[in-house]
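What the coordinates show
Residues per chain, in single letters:
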Amino acid sequence: MIRRLAAALPAAALLASLAVSTVAAGGPPSLAFYVDGVQYRTVGTPTDFSRTGAPVDSYDRIFVLGSGLANVAEAKPGDPDFNGGRWMVLPVTWTQGVTPVQLTSAEQVMAYAANGMLTIATSPVKLFECPVIPVGGH
């Protein structure tokens, strides 16, 4: 009985450490945003680049469309201008009288802004890094 308990303790410690590392890393991947009509997921990280002084062009933009809608990013791995998962988060404000809809590309976000249907914040609310994982292996 004592041998079984002694053998089980290291296994329990390993399982506990795996659970803690998953929580610390933000948990399992979840749907985070669209890029060019394709859904992507990510794992949240605790990074904060807000005080690094990095140039604005070293980040890709993520547009936050609002409650119940997935965000939209402007770049993905494989794009020539992809910044390696460094993100600048810009909230969107929908124009009064416009019903928010799910947009799936940065081009759509920019077109809605050009047509006065929404406004994109000029200052980011967050600068961070996280991985980009296509949903369904695209």
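The structure displayed is predicted, hence computed values, not measured ones. Within each chain, residues carry numbers counting from 1 in the order of the written sequence. Confidence filtering applies because this is a predicted model: local features only for residues at pLDDT of at least 70, side-chain atom pairs given and counted only at 80 or more, and all residues used for totals across whole chains, interfaces and linings. Where side-chain values are given, they derive from all heavy atoms of the structure, hydrogens and water being excluded.

**Brief notes about the overall build of the protein chain**
Along its length, the protein chain carries two helices and eight strands. Burial status follows relative accessibility: with a 1.4 Å probe on protein chains alone, a residue under 20% of its type maximum counts as buried, one over 50% as exposed, and anything between as partly exposed. Taken over 138 residues, the protein chain has a buried fraction of 28%. Considering only intrachain contacts with a sequence separation of at least 6, the fraction spanning at least 24 residues in the protein chain is 69%. To be clear on the numbers: accessible area is Shrake-Rupley with a 1.4 Å probe, and residue cover counts the displayed protein chains and nothing else. Summing over all exposed atoms, the protein chain offers an accessible surface of approximately 8,400 Å²; the carbon and sulfur share of this is 62%. Comment: elements are numbered from the N terminus, with helices defined as DSSP H or I runs of at least four residues and strands as E runs of at least two. Note on contacts: a residue pair qualifies if any of its non-hydrogen atoms lie within 4.5 Å across the two residues.

**As for the packing of aromatic side chains**
Aromatic rings considered in pairs are described by the distance between their centres and by the relative angle of their planes. Two rings from Phe, Tyr or Trp (for Trp, the six-membered ring) form a pair when their centres sit within 6.5 Å of each other. Planes less than 30 degrees apart are called stacked, planes more than 60 degrees apart edge-to-face, and all others tilted. Tallying each qualifying case throughout the model produces five aromatic pairs. Between the aromatic rings of Trp94 and Tyr112, the centroid separation amounts to 5.9 Å while the plane-to-plane angle is 85 degrees, which identifies the pairing as edge-to-face. Pair noted here: Trp94 is in strand E5 (residues 86–94) and Tyr112 is in helix H2 (residues 106–114), with a separation of 18 residues, a long-range link. For Trp94, a relative accessible area of 14% corresponds to the buried category. Ring pairing ties together the aromatic residues Phe33, Tyr40, Phe82 and Trp87, which thus form one cluster. Charge-over-ring contacts are defined here by two conditions on Lys NZ or Arg CZ: a distance within 6 Å of the ring centre and an angle within 35 degrees of the ring normal. The ring of Tyr59 has Arg86 sitting right over it, with the charged end atom 4.6 Å from the ring centre.

**Some details on unusual backbone geometry**
Of note in the backbone geometry, Asp36 takes a positive phi value of approximately 50 degrees without being a glycine. Note on placement: Asp36 falls in the loop between strand E1 (30–35) and strand E2 (38–42). Under the relative-accessibility criterion, Asp36 is labelled partly exposed at 38%.

**Regarding the nonpolar core**
In this structure, Phe63, Leu65, Val92, Leu103, Val109, Leu118 and Ile120 are the most contacted members of the largest nonpolar core, which totals 15 residues. Of all the secondary structure elements, the ones that give two or more residues to this core are E5, H2 and strand E6 (118–120). It is E5 that contributes the most residues to this core, four residues altogether. For Leu103, the contacting residues outside a window of four places in its chain are Tyr34, Leu65, Val72, Trp94, Gln108, Val109, Tyr112 and Leu118. Put simply, a nonpolar core is a bunch of buried Ala, Val, Leu, Ile, Met, Phe, Trp, Tyr and Cys residues held in one set by side-chain atoms that sit within 4.5 Å of each other.

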